[in-house]
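# A look at the structure
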Amino acid sequence: MRGARRIVILTGAGISAESGISTFRDPDGVWSRYDLNEVATPDGFRRNPELVQAFYNARRSALRKVEPNAAHLALARLESQMDTCIVTQNVDDLHERAGSRDVLHMHGELSGALCGNCGHRWPAGGDISCGDKCPVCKCCRVRPDVVWFGEMPYHTQRIDELVAAADIFAAIGTSGEVSPANSLVFDAADAGARTIEFNLVETIITHAFSEARRGPAGEIVPRWVDELLGY
């Protein structure tokens with residue numbers, strides 16, 4: 001590997017599922033109970049903003065009742081001792097609550113609010129309602145600061161730069177079905193990084209990784225971090 005180890009870790013719904021947060025694509029996941037076109041698209045928000053706000057308010061309430069698990073804590077420990085950045089598809093704050101500081105949320109943050117008029121973003125702090133006003137333009141088009149289907153993920157340029165410079169690229173609990181996150185392993189491999197997948201099962205992009213480890217993230221990720229840190 002090239003010089004000092006620079007590590008980029010992509011995390012998906014699987015890592016937070018072990019804390020009790022529902023995944024999206026599993027048979028009993030979120031999209032089996034809700035129509036994504038109604039609660040996760042700009043058109044859905046325009047049609048029924050009350051429904052969308054209630055959906056995300058409920059998710060914020062559920063998030064406040066769960067805690068980071070052993071995998072989140074292990075990654076925070078890794079970051080404290082090695083050059084590590086976490087790129088997450090998750091909108092929860094479990095990485096931050098575990099102690100990680102360098103976290104890029106590709107799909108936004110559940111705790112944030114976004115003005116649909118001027119684009120201003122700010123911490124929501126609690127529930128968002130249809131009557132809330134943007135603190136900058138005073139418009140009542142406040143929505144959750146999450147990336148919906150059909151919208152561009154956040155931090156794409158920075159993520160591309162980090163992946164291109166990584167010595168190790170790891171994906172934890174990702175389905176491999178969501179673009180552009182599912183292309184990052186190919187970019188990392190092309191740049192010469194060691195690539196490793198952590199998941200309960202084989203995914204549609206497992207073949208792109210140089211190594212794969214199977215099992216609950218809360219068990220296999222701490223063991224891997226111990227290996228990296230020489231424990």
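Quick summary incoming for the structure in this document. (Residues numbered from 1 in each chain as written. Predicted model: local features only at pLDDT ≥ 70, side-chain atom pairs only at ≥ 80, totals over all residues. Heavy atoms only, no water.)

### Quick notes on the overall build of the chain
- Broken down by element type, the chain carries nine helices and nine strands.
- For the chain, the C-alpha radius of gyration of 18 Å lies close to 17 Å, the compact-globule estimate for 231 residues.
- Taken over the C-alpha atoms alone, the chain extends approximately 55 × 35 × 30 Å along its principal axes.
- Taking all 231 residues of the chain together, the buried fraction comes to 50%.
- Counting only contacts in the chain whose residues sit at least 6 apart along the sequence, the fraction spanning at least 24 positions is 63%.
- Accessible surface, the chain: about 10,800 Å² in total, of which carbon and sulfur atoms supply 51%.
- Counting 24 positive and 31 negative side-chain charges, the chain places the centres of these two groups 4 Å from one another. (Helix = DSSP H or I, 4+ residues; strand = E, 2+ residues; numbered from the N terminus. Rg over C-alpha atoms; globule rule 2.2 N^0.38 Å. Buried < 20%, exposed > 50% of the residue type's maximum accessible area, 1.4 Å probe, protein only. Contact = heavy atoms within 4.5 Å. Areas by Shrake-Rupley, 256 points an atom, 1.4 Å probe, with all protein chains shown as cover. Lys, Arg positive; Asp, Glu negative; His and termini not counted. Charge placed at Lys NZ, Arg CZ, Asp CG, Glu CD.)

### Quick look at the sheet that holds strand β4 (residues 108-115)
- Within the open sheet, the three strands sit side by side as β5-β4-β6. Their pairing is antiparallel. The open sheet has two edge strands, β5 (121-123) and β6 (142-146), and neither has a second partner. Between one strand axis and the next, the sheet turns by 45° as a mean value, whatever way the strands run.
- Pairing analysis gives three bridges linking β4 to β5, with the strands arranged antiparallel. Among the inter-strand pairings, Leu114 is bridged to a residue of β5, identified as Arg121.
- On top of the sheet, helix α4 (residues 49-63) reaches β4 and β6; it is set at about 50° to β6, its chief contact. (Pairing = 2+ DSSP bridges. Axes fitted to C-alpha atoms, helices over the stretch in contact; angles between N-to-C directions.)

### Here we look at the environment of Phe149
- Mapped onto the elements, Phe149 comes out in the loop between β6 and α7 (156-164).
- Among the residues examined, Phe149 registers a relative accessible area of 38% and is labelled partly exposed.
- Along the primary structure Phe149 and Ile196 are separated by 47 residues, whereas in three dimensions their C-alpha atoms are 27 Å apart.

### Concerning unusual backbone geometry
- Across the junction of Ser179 and Pro180, the peptide omega takes the value 5°, indicating a cis bond.
- As for its placement among the helices and strands, Pro180 is situated in the loop between β7 (168-172) and α8 (184-190).
- The backbone of Lys138 shows a phi angle near 65°, a positive value even though the residue is not glycine.
- Mapped onto the secondary structure, Lys138 falls in the loop between β5 and β6.
- Judged by relative accessible area, Lys138 falls into the exposed class, the value being 53%.
- Here the phi dihedral of His155 falls at roughly 65°; this positive angle occurs in a residue that is not glycine.
- Assignment of secondary structure puts His155 in the loop between β6 and α7.

### Brief notes about the side chain of Thr203
- By secondary structure assignment, the location of Thr203 is in the loop between β8 (194-199) and β9 (211-214).
- In this structure the side chain of Thr203 is engaged in a polar contact, spanning 2.6 Å, whose partner is the side chain of Glu197.
- Apart from the residues lying within four places of it in its own chain, the contact partners of Thr203 are Thr174, Ser175 and Glu197. (Polar contact = N/O pair within 3.5 Å; in protein donor to acceptor, adjacent residues only side chain to side chain.)

### Some thoughts on the packing of aromatic side chains
- Scanning the model with the defined rule gives four aromatic pairs in all.
- Between Phe198 and Trp224, the ring centres sit 5.0 Å apart and the planes meet at 55°, which makes this aromatic pair tilted. Here the residue Phe198 occupies a position in strand β8, and Trp224 occupies one in helix α9 (residues 217-229), the gap between them amounting to 26 residues.
- Given a relative accessible area of 0%, Trp224 falls into the buried group.
- Connected via pairs of aromatic rings, a cluster forms that spans Phe45, Phe55, Tyr56 and Trp148.
- Directly above the ring of Trp148 sits Arg143, whose terminal nitrogen or CZ lies 3.7 Å from the centroid. (Phe/Tyr/Trp six-rings, centres within 6.5 Å; stacked < 30°, edge-to-face > 60°. Lys NZ or Arg CZ within 6 Å of the ring centre and 35° of its normal.)

### A look at α7
- What α7 keeps buried is the set Ile159, Leu162 and Val163. Projected onto a plane normal to the axis of α7, the buried residues spread over an arc of 95° and lie on a single side.
- Structurally, α7 contributes buried residues whose contacts are with β1 (6-11), β2 (83-88), β3 (103-105), β7 and α8. (Arc of directions from axis to C-beta.)

### Notes on the pattern of salt bridges
- Evaluation of the coordinates by the stated rule reveals 14 salt bridges.
- Between Asp93 and Arg97 there is a salt bridge, and its shortest N-O distance comes to 3.1 Å.
- Taking relative accessible area as the criterion, Asp93 reaches 23% and is therefore assigned partly exposed.
- Classification of Arg97 as partly exposed rests on a relative accessible area of 33%.
- We note a salt bridge from Glu161 to Arg158, for which the minimum N-O separation is 3.7 Å. Placement of the pair is Glu161 and Arg158 together in helix α7, with a separation of three residues, close to one helical turn.
- On the accessibility criterion, Glu161 (42% relative accessible area) is partly exposed. (Salt bridge = Lys/Arg side-chain N within 4 Å of Asp/Glu carboxyl O.)

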